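Structural overview
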Amino acid sequence: MKVLYQNGVSLRTTFLFITCCSVWHIARTLFLMPNTFFPYPLPEGYSYGLKCKKNKASKPTTISNGEEDLGIKTEEGQLSINSTLLLETKAVSFISCVRSSLFWFHFIWLSVMQLRHYMFIATLNPTLTRLSGGDPLTVSHYTNVFAVSQFCGILCAPWNGIIIDRFKGKYKDSTADLHSCVVSLAITATQCMLFSISATLSILPAFYATFILQVLNRSFLYGGNAAFLSIA
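Since we're looking at a predicted model, the values are computed, not measured. (Residues numbered from 1 in each chain as written. Predicted model: local features only at pLDDT ≥ 70, side-chain atom pairs only at ≥ 80, totals over all residues. Heavy atoms only, no water.)

What follows is about the overall build of the protein. When helices and strands are tallied, the protein shows nine helices and two strands. Taken from N to C terminus, the helices and strands of the protein fall in the order α-α-β-β-α-α-α-α-α-α-α. Every one of the 232 residues in the protein was classed for burial, and the buried ones make up 26%. Summarising the internal contacts of the protein: among those between residues at least 6 apart in sequence, 56% fall at separations of at least 24. (Helix = DSSP H or I, 4+ residues; strand = E, 2+ residues; numbered from the N terminus. Buried < 20%, exposed > 50% of the residue type's maximum accessible area, 1.4 Å probe, protein only. Contact = heavy atoms within 4.5 Å.)

A cluster of nonpolar side chains, contributed by Met 1, Tyr 5, Leu 11, Phe 15, Phe 17 and Ile 18, occupies part of the molecular surface with about 640 Å² of accessible area. Top contributing element to the nonpolar patch by residue count: helix α2 (residues 11–31), with four residues. Here Met 1 lies in the segment before α1 (2–6). Relative accessible area serves as the criterion here: at 46%, Met 1 is assigned to the partly exposed category. (Patch = residues over 30% accessible without salt bridge, like charges linked within 9 Å, V, L, I, M, F, W, Y side chains within 5 Å. Areas by Shrake-Rupley, 256 points an atom, 1.4 Å probe, with all protein chains shown as cover. Salt bridge = Lys/Arg side-chain N within 4 Å of Asp/Glu carboxyl O.)

Moving on to the nonpolar core. Grouped together as the largest cluster of nonpolar side chains are 11 residues: Phe 120, Leu 124, Leu 128, Val 139, Tyr 142, Phe 146, Phe 195, Ala 199, Leu 204, Phe 207 and Phe 211. Of all the elements in the fold, those that place two or more residues in this core are α5 (101–131), α6 (136–150), α8 (176–199) and α9 (206–231). Apart from residues no more than four positions distant in its own chain, Leu 124 is found in contact with Phe 146, Phe 207 and Phe 211. If you look at the next biggest cluster of nonpolar residues, it comprises eight residues, including Trp 109, Cys 181, Leu 221 and Phe 228. (Core = buried A, V, L, I, M, F, W, Y, C linked by side-chain atoms within 4.5 Å.)

Attention now goes to the UniProt feature "transmembrane region" (unreviewed entry) in the protein. Within this structure's numbering, the places UniProt gives as "transmembrane region" (unreviewed entry) are residues 9–27, 91–112 and 194–216. With 89% helix and 0% strand, the stretch residues 9–27 has end C-alpha atoms that lie 28 Å from each other. Along residues 194–216, the helical share is 74% and the strand share 0%, with 11 Å between the first and last C-alpha atoms. (UniProt positions renumbered as here; feature names shortened; annotations may be inferred.)

What follows deals with the packing of aromatic side chains. When we look at a pair of aromatic rings, we describe it by the centre distance and by the angle of the planes. Tallied over the entire structure, the rule returns nine aromatic pairs. When the centroid spacing of 5.3 Å and the interplanar angle of 80 degrees are considered together, the rings of Phe 103 and Trp 104 count as edge-to-face. Overall, the relative accessible area of 35% leaves Phe 103 in the partly exposed class. Three or more aromatic residues joined by ring pairs form one cluster here, namely Phe 120, Phe 146, Phe 195, Phe 207 and Phe 211. (Phe/Tyr/Trp six-rings, centres within 6.5 Å; stacked < 30°, edge-to-face > 60°.)

Right, let's talk about the state of the cysteines for a bit. Here the structure, examined in full by the defined rule, presents zero disulfides. The structure places no disulfide on Cys 152, whose sulfur is separated from the nearest cysteine sulfur, that of Cys 156, by 7.0 Å. (Disulfide = S-S within 2.5 Å.)

So, about the packing of helix α7 (residues 153–168) against α8. Contact geometry of α7 with α8 gives a least axis separation of 8 Å together with a crossing angle of 140 degrees. In this view, α7 runs oblique relative to α8, as classed from their interaxial angle. Like other packed secondary-structure pairs, α7 and α8 cross with a definite hand, here right-handed. Two secondary-structure elements touch here, α7 through Asn 160, Ile 163, Ile 164, Phe 167 and Lys 168 and α8 through Ala 176, Asp 177, Ser 180, Val 183, Ser 184, Ile 187 and Thr 188. Here the contact of α7 with α8 is composed, by residue class, of six nonpolar, four polar and two charged. (Axes fitted to C-alpha atoms, helices over the stretch in contact; angles between N-to-C directions. Parallel < 35°, antiparallel > 145°, perpendicular 65-115°, else oblique. Left-handed = near helix turned anticlockwise from the far one by under 90°. Nonpolar A, V, L, I, M, F, W, Y, C, P; charged D, E, K, R; others polar.)

Encoded structure:
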């Protein structure tokens, strides 16, 4: 947007273009979701969204009063799960999740670090202006470097998942997933601390390292948050 604006493209035209692009997200939400609900466990070959022909495998399965075959193969043969146990596992209320200390600690953890990133982005331009003595070329250069660095976030995204998978194998109990998240969350918090320290340095070249730490920490923050929520 900055480069386009400097080359004569108006902000109005730019925002209208972005608005048109966002229409795709609305269409996807309306037409690429199941009509009723996701069946659990998912039947083999289950799919959702727009289909050119009917898919017989997309019908949801029902749980009988006896044992429901989930199709899990073991050395002894076919493994079955009692439907009562499955229903008890699913009987967790929303209120009980909200009242848990795990939820609130993670909520505060995520909010503080996300606020740190928002504050850095919001104050970047005036900070660069102050440190450069108001030189517009210097501010423009560092702003371009920051903008380009944001594209590198996709390269950092898989690293957090690799760390979680690596440490998951070291724990054999039922809480192995949560134990693996502890390492991920600790690394993310350390990254945020280093990023914050680097951002306080009143030296313009130090912002190159700050940009790298910011992108790396942002990828770990959102990726680790999604993984933690699904596990917890």
